[in-house]
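# Structural overview
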Amino acid sequence: MSDPSPRFPDGFVWGAATASYQVEGAVDADGRGRSIWDTFCGVPGAIAGGDTGAVACEHYHRYPEDIALMADLGLGAYRFSVAWPRIQPEGRGSANQKGLDHYRRVVDRLLERGIVPYVTLYHWDLPQALQDRGGWPARDTAYRFAEYAGVVHAALGDTVRHWITLNEPKVSSHAGYGSGIHAPGVRDLDQRDRAVHHLLLAHGLGLQALRANGAGHQVGITLDLSPVAPAGDSPDDLAASRRVDTDSHRLFLEPVLRGAYPSEVGAPFVGGTAAELVRPGDLELIGAPVDFLGINYYRRMLVQATPTGHLRAEVVVPDGVPVTDVGWPVEPDGLTELLVGLRAGYPELPPVYLTENGAAYPDTVAIDGTVHDPERVDYLHRHLLALHAAIRAGVDVHGYFVWTLMDNFEWAEGYAKRFGVVYVDYADQRRVPKTSARWYGRVARGNALPPR
Ligand code: FCB
């Protein structure tokens, strides 16, 4: 008999996550510089509906209200990101004090309300000035990141104990410089590879900068991971699924956890060249131990071989599996499989946080003013059961952050896709907690799932 209302380990962290460009708006406030997303939003056709993050949820000004919402729900942690262009408008040099003061106020308010801050230093909003000097394909950007990390840590490290260097570096490199569907919209495999290594180097150098003054601080990185399987039983599908797994996951996991690129990726990562992309000492920095691994889980990847494209592979949605409003299959068992598989495959796996998990559905406000989202409640419930199963199987998971606190700017999808547990009416910035917010609040307060 399965447990009717599974409990989570004592001290398990329940939180919500956001990212600066997706929620803050106020792009001209207090000396903020431009980011690559401000620029990309100006490219015709880049963002659905021509949307931009210029206003977003006005979280920059409304954070007290949003923190009060989290406190009312009983959440114990908030994962948010610092906008680099607010701290160093030109991506280098001395800090913009007003930017630092803003995040100091956010952190102080969180602590007043008993909510632990988890700070992500980079969630995709690179200062445009650094892109103008080459962006992530330029090695110097990694050093600039370390400088920035040190500046933020010096300002907030007295009270912030939990730090995430990068969010999903794969998306920064592969979508930003490979497919070009994200800022800065570059399509060039050579630049993509260079971006991969320099993002990882930024993580390693950032880790070093944070460790320099942060005794007792917990530092990690967040990767987006999925179990990968072939769509059919042909050898071609199997080979294609291995290529996708290597390119999307092992290319990041192995340098971070083992200090080595997977041998099959070859040059320029293994064996040198491309003007010696990987230099002596880089992998020692990248592979320095982290205190935790942040994992964002949304879906499984089912892979089919195709004749074209760089990996000769495409990710397909299995028949008969429900999908969310962004077309991602709902596969909670994939979360258990992912975590148990990581534990088996990586003896060096540190403690894990689920730093994102959630779903987009086309929510609407009912005539009585409520937003009822039973599909999202079901999604969260199933994924938390799957998480619980992984913990029972021995995976050391310390916390869970729902993506996301409130509907926001969903990158290339604009505002059309709603991932929040809180509804945002963009006409007047009204926040309406959805049914899922209340449900999630009960889970957080009780540290247990309600009976099904
Ligand atoms: C993740 C991103 C996050 C959000 C969710 C839906 O890849 O980290 O910002 O867009 O997907």
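Here the structure is shown first, and the text comes after it.
Now for a description of the structure that goes with this document.

Definitions and limits used
Residues numbered from 1 in each chain as written. Predicted model: local features only at pLDDT ≥ 70, side-chain atom pairs only at ≥ 80, totals over all residues. Heavy atoms only, no water. Helix = DSSP H or I, 4+ residues; strand = E, 2+ residues; numbered from the N terminus. Rg over C-alpha atoms; globule rule 2.2 N^0.38 Å. Buried < 20%, exposed > 50% of the residue type's maximum accessible area, 1.4 Å probe, protein only. Contact = heavy atoms within 4.5 Å. Lys, Arg positive; Asp, Glu negative; His and termini not counted. Charge placed at Lys NZ, Arg CZ, Asp CG, Glu CD. Core = buried A, V, L, I, M, F, W, Y, C linked by side-chain atoms within 4.5 Å. Axes fitted to C-alpha atoms, helices over the stretch in contact; angles between N-to-C directions. Parallel < 35°, antiparallel > 145°, perpendicular 65-115°, else oblique. Left-handed = near helix turned anticlockwise from the far one by under 90°. Nonpolar A, V, L, I, M, F, W, Y, C, P; charged D, E, K, R; others polar. Pairing = 2+ DSSP bridges. Near = heavy atom within 4 Å. Polar contact = N/O pair within 3.5 Å; in protein donor to acceptor, adjacent residues only side chain to side chain. Expected span 1.5 Å × (residues − 1).

### Some remarks on the overall build of the protein chain
The secondary structure content of the protein chain amounts to 14 helices and 13 strands. For the protein chain, the C-alpha radius of gyration of 21 Å lies close to 22 Å, the compact-globule estimate for 452 residues. A burial count over the protein chain gives 59% of its 452 residues as buried. For the protein chain, long-range pairs separated by at least 24 residues make up 76% of all intrachain contacts whose partners lie at least 6 apart in sequence. Once the 42 positive and 55 negative side-chain charges of the protein chain are each reduced to a mean point, those two points are 3 Å apart.

### A few points about the nonpolar core
Of all hydrophobic cores here, the largest spans 135 residues; its most connected members are Trp37, Tyr122, Trp136, Phe145, Leu339, Leu387 and Tyr400. No other element matches the 9 residues that helix H9 (residues 189-213) contributes to this core. With sequence-adjacent residues up to four places away left out, Tyr122 is seen in contact with Ile36, Trp84, Trp136, Phe145, Thr165, Leu166, Asn167, Ser172 and Leu199. Listed in part, the 5 residues of the second largest apolar core include Ala240, Val244, Met301 and Val303.

### Some words on the packing of helix H7 (residues 140-156) against H9
Between H7 and H9, whose axes approach to 8 Å, the crossing angle comes to 30°. Considering their axes alone, H7 and H9 lie roughly parallel with respect to each other. For the element pair H7 and H9, the recorded crossing hand is right-handed. When H7 is examined against H9, the residues Ala142, Tyr143, Phe145, Ala146, Ala149, Gly150 and His153 are found in contact with a partner set consisting of His198, Leu201, Ala202, Leu205, Gly206, Ala209, Leu210 and Asn213. Residue composition of the contact of H7 with H9, grouped by class: 10 nonpolar, 5 polar and no charged.

### What about the pairing of strand E3 (residues 116-122)?
Of all 7 residues in E3, 6 are buried; the element is thus mostly enclosed. Here strand E2 (residues 77-81) runs beside E3; their pairing, made up of 5 bridges, is parallel. Bridged to Tyr78 within E3 is Pro117. Sheet topology note: the E3/strand E4 (residues 162-167) ladder contains 4 bridges and is parallel. Bridged to Thr120 within E4 is Ile164.

### What about the site of the ligand?
The immediate surroundings of the ligand are formed by Gln22, His123, Trp124, Asn167, Glu168, Asn296, Tyr298, Glu356, Trp403, Glu410, Trp411 and Phe419. His123 places a side-chain nitrogen or oxygen 2.8 Å from an oxygen atom of the ligand. Separating an oxygen atom of the ligand from a side-chain N or O atom of Glu168 is a distance of 2.6 Å. Within the shell around the ligand, the residues separate by chemical class into 5 nonpolar, 4 polar and 3 charged.

### Re helix H12 (residues 333-345)
Along its 13 residues, H12 runs 18 Å from first to last C-alpha, staying within 8% of the 18 Å computed at 1.5 Å per residue. Of all the positions in H12, only Gly334, Leu335, Thr336, Leu338, Leu339 and Leu342 are classed as buried. Tucked into the core, H12 has its buried residues touching helix H10 (235-258), strand E7 (292-296), strand E10 (352-356), helix H13 (374-392) and strand E11 (397-403).

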